Structures are given as C-alpha cells and as structure tokens.
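# Fold and contact review
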Amino acid sequence: MKKVGVLSLQGDFAAHGAALERAGAVPVYVRERSQLGEIDGLILPGGESTTMLKLLRYENLFDDLAEFGRRKPMFGTCAGAILMARDVTNPAQESLGLMDIVVERNAYGRQVDSRVVDLDPAPEFEKRTAPGKLEAVFIRAPIIRRAGDGIHVLAEYAGDPVLIEQGRHLVTTFHPELTKDARVHCLFLEKL
Amino acid sequence: MFQFSSEQFRLKVGLAEMLKGGVIMDVTNAEQAKIAEDAGASAVMALERVPSDIRKEGGVARMANIEIMEAIMKTVHIPVMAKARIGHFMEARVLEALGVDFIDESEVLTPADEEHHIDKSDFKVPFVCGARNLGEALRRIGEGAAMIRTKGEAGSGNIVEAVRHMRTIIREMKQLTVLGKEELAREAKNLQAPLELVEWVARHGTLPVPNFSAGGIATPADAALVMQLGAEAVFVGSGIFKSSDPANRANAIVMAAKNYNNPEKLLEASRSLGTAMPGLEISKIPEGELLQTRGW
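Residues numbered from 1 in each chain as written. Chains lettered and ligands numbered in written order. Predicted model: local features only at pLDDT ≥ 70, side-chain atom pairs only at ≥ 80, totals over all residues. Heavy atoms only, no water.

## With respect to the overall build of chain A
Applicable threshold: A run of DSSP states H or I qualifies as a helix once it reaches four residues; a run of E qualifies as a strand once it reaches two. Both are numbered from the N-terminal end. Here the globule rule reads 2.2 Å times residues to the power 0.38, and the radius of gyration is calculated from C-alpha atoms. Accessible area is worked out with a 1.4 Å probe on protein chains only. A residue is then buried under 20% of its type maximum, exposed over 50%, and partly exposed in between. We call two residues in contact when some of their heavy atoms are within 4.5 Å. Each accessible area is a Shrake-Rupley estimate made with a 1.4 Å probe; only the visible protein chains count as cover when residues are assessed. Neither His nor the chain ends is counted toward charge; the positive residues are Lys and Arg and the negative residues Asp and Glu. Here the site of a charge means atom NZ of a Lys, CZ of an Arg, CG of an Asp or CD of a Glu.
Check the secondary structure of chain A and you find six helices and twelve strands. Taken over C-alpha atoms, the radius of gyration comes to 15 Å for chain A, in line with the 16 Å a tight globule of 192 residues would show. Across its three principal directions, the C-alpha atoms of chain A cover 40 × 40 × 35 Å. Evaluated residue by residue, chain A yields a buried proportion of 62% over its 192 residues. Partitioning the intrachain contacts of chain A with sequence separation of at least 6 by distance along the chain shows that 64% fall at a separation of at least 24. When the accessible surface of chain A is split by element, carbon and sulfur atoms take 48% of a total near 7000 Å². The centroid of the 24 positive side-chain charges in chain A is displaced by 2 Å from the centroid of its 27 negative side-chain charges.

If you want it as structure tokens, here you go:
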C-alpha cells in the first residue's frame, strides 16, 4: 500500500490524517527529514505559513521538500498552498515554488470573514471522483491571484480558482480535511 | 441541542485546529507582536499588561487599548487574539467589531460578572476559555467556546498549576470512557456539565474542541511538558517578554512545541536563553490574589 505523509510541524495535520483514513489510506506524520524517504506523497496542511516556514528552516527541511516535490506528488491546503506557490504576497515571503501561482495571504479578510460555501466543481472533478456539490471551508484563506498556463482549475469560488492541479501536484485554498467529503483526498491518492 | 455541525461552530473550531502545534504569545504593543511573529508564533494575544504586571500593579484589568490592538493587527499577518473580562459581553462585542480573530474570556482580567460567563454561541468570532477541570471545560464549551486552555496560574512563571489542570482534564476524560449510560448521567450531575457533552467525551475520549495549555509556561521544557501531558498547543504569557532575551526565548519555545517528543532537540532549544522570568511559589500567593479561581 502507498504511504502518504502529512507534514506535522504545526497546524491541522491531525485533521488531514483522519481525512486520509476516510479516503482509505494510512497517514505518516512527517516531523523529520529522514521520514521523507518512506513516503510516496506528502500533504502540506493548514496552519500558519510563517510558523511552518520557520520550522522548515530550523529542521533543514526546506530544500528537501522542494526536492521531494520535483519527484513526488504534493497536496497543499491553505497554508500548504501558500508554501507551494511560486510567489506570495501580503506580505511577500519565501515559498517552495512548486506550483505556478501567485497567492495573496488572508485575502478574504479576518476570521469574521471566514465562511463555508457549496461549490459546483468542474465536471472533470466529478468524473474523476464522484458527482455532487463540494463543501468548501475557507478559514482566513488565501486567494490565487494569478495562475500560469500549466495550471488546471477543478473548482472556482467567486471567480477565483480554489482547487487546482499542476502535473502531480494538487492545491486547495480551502480545507477539505474539515468536511466529511473525502473526494479531494481521493483525487490526491489517485496521483500516487 | 448542542450544534456541533453548525457552520459557525465548525468555522470557529476550524481556526482553533489551525493553531495546533503552535505557540500563542502575549504581546502589549506592535513591536512585541512583530518579534513574536518573526520568532514563529502561530498567533498573538493582545493585552494591556502581561499577567505578572497585572499581579504586581493590581487595580482593575480591562480589555486592551483599541489603538494598540489596531496597531498590532496592522503589523502582523498571523491571527490576533484579545482578552475580554469574564462575563463582559460588551467588551467582547467591541472586540468582534474591531475584527480580532479570537477572544479569550479570561480570568487574567478582572471579572465583570461573578455569576455568568458570556453566551459565546451568539458571536461570529470564536472564543477560548480557561478551565481547571473537565466540568469547567464542558460548561464553557456548552456556552459556545471553540477552544479550551488550562488556566494554570497566570503570571506566576510556575508550571505546577497548568500541569495539575491538564492532568485533571485528561484523567476525567479517560474515566468517562469506561462508564455506562446511567453512570454518565450521574457524572454529568457531578461535573455540572451538559449531559450530551459528557456523552460525547465518553464516546471520543477527547474534548469536542482543541485543548491547549496556558498559565505558567516559562521555558521550552515547560512547553514540552504540557504537550506531553496532552496539550495540543501552548499559550505563553509573561514568560517571553519578562525574560532577558525575548526573541530568542520565543523562538526556542516554538521549536520546543514541535519537538516535545525529542529531548536532543529540546536540549538544543534550551541553550543560551539568558534568564527566565522570575517565578512565584503558588503557596506564597495570597488566596485572594489567585487568578485561577475566577469564573466557575
């Protein structure tokens, strides 16, 4: 069976672990560099991207993650999406540059602007997983302000891409791990 | 009926989930907030005076000054929390209107109501509340709190009360998991907590909201200790900005919260930190000056 890592430095890594189990996979909570060798794909969870960056640097994991992403599938949600972007604004910060997107942090506003919405995903998403609306939980979420030609959009909210893929990688600006719907995690498992 | 599945409650608990594994730091101005963010804090708590100063100076401790909170919110990009007095739902409304990301209905401030806590379910902004035991935690969750933290003894620099409170909450949860239905009804009565929350804890063995620790954390090892006991993240109050080298200590406690299982890395984080904040022996604090006995 394929092993899926969840980067467990800070954030809602436990919620991703539970979501992976619902999707039929066994999570590996990745805290050290040595664990990257054991896994077939890696989830970067939600949390605070500045805290995660600090810990990535402290643990000498930053370059290893960028290198891992050049070989294996990665899936970033919210803070994870910010870490995987090519460029980050509000404010500018370091990122892994694995997805050809420009991401603005906290672009909807503060916590009182957080929201749960039902999205109509692209027909292709439904074909590759299962039909039905997609419940999206946005918490102090970023917005993808620019997406390169190689980016494939699988769902939008208010005109902005919120579920996208590029080659082996997957990104959401919302939190599929906080819903019962396991389809986005299943889609990621298909990429392994 | 408690609305676990309501959209509002899920959004509130969702933000609390994002803070897991991190360190939330008390700050009294924008400059400190920036130091905290740069050190890797996952959120900051804006307040007028840190608990050890409130303890020293006395007087009524209230919600922080608006201009200072605004300056903090403008300076950092991580979530900003702020404290409201126990029962002071209008301070909480002002903080909600200001747009803070989380409100701490806190025993560190002077209580505004000695009988009632805020009805937190009625707010859009999430709340965290302190607790010394499971009954207190479940009463706060019943009122709508989206996160629980141990009360510990704020401003003491002494971890003993936070340890007592975390151990008590974890033990009382474990005990519920082995009881039958009729026994749970009796326990709900003993705990003075809503039966459906008692039943939820008995089924899951955890709280229905994240369980953090606060009140006396002064060193990286203190943070690791409460994480070992079951805390999912830590609050550090006076411990950072009352130490001799705040930036370094803040950074070290962030590293400790992630590496609480790894003594070699904890050793690394504990090096060259200068002096910790001065500590107080709990038995030397006059009973009337204990902060943890505020609220019920």
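## What to know about the interface of chain B and chain A
Filter applied, for reference: As used here, buried area is the combined drop in accessible area, with a 1.4 Å probe, of two parts when they are placed together. In what follows, salt bridge is the name for a side-chain nitrogen of Lys or Arg lying within 4 Å of a carboxyl oxygen of Asp or Glu. Here a polar contact is taken to be a pair of N or O atoms separated by no more than 3.5 Å, where protein atoms must pair a possible hydrogen donor with a possible acceptor and residues adjacent in sequence count only if both atoms sit in side chains. Under the grouping applied here, Gly and all other residues not named as nonpolar or charged are polar, the nonpolar ones being Ala, Val, Leu, Ile, Met, Phe, Trp, Tyr, Cys and Pro and the charged ones Asp, Glu, Lys and Arg.
Listed as interface residues are 38 residues of chain B and, on the opposing side, 35 residues of chain A. Summing both sides of the interface, chain B and chain A together bury roughly 3000 Å²; the carbon and sulfur share of this comes to 55%. Taken as a group, Met 18, His 77 and Lys 258 of chain B account for 26% of the area that chain B buries against chain A, more than any other trio of residues on that side. We note a salt bridge from Arg 110 of chain A to Asp 101 of chain B, for which the minimum N-O separation is 2.8 Å. Taken together, the links from chain B to chain A amount to 22 residue pairs in polar contact (both at pLDDT 80 or more). Looking at the side of chain B that touches chain A, the elements with two or more residues in it are α1 (7-18), α2 (30-39), α12 (246-258) and α13 (263-270) of chain B. When residues in the side of chain B that touches chain A are grouped by element, the largest group, eight residues, is from α1 of chain B. The residue inventory of the side of chain B that touches chain A, partitioned by class, reads 16 nonpolar, ten polar and twelve charged.

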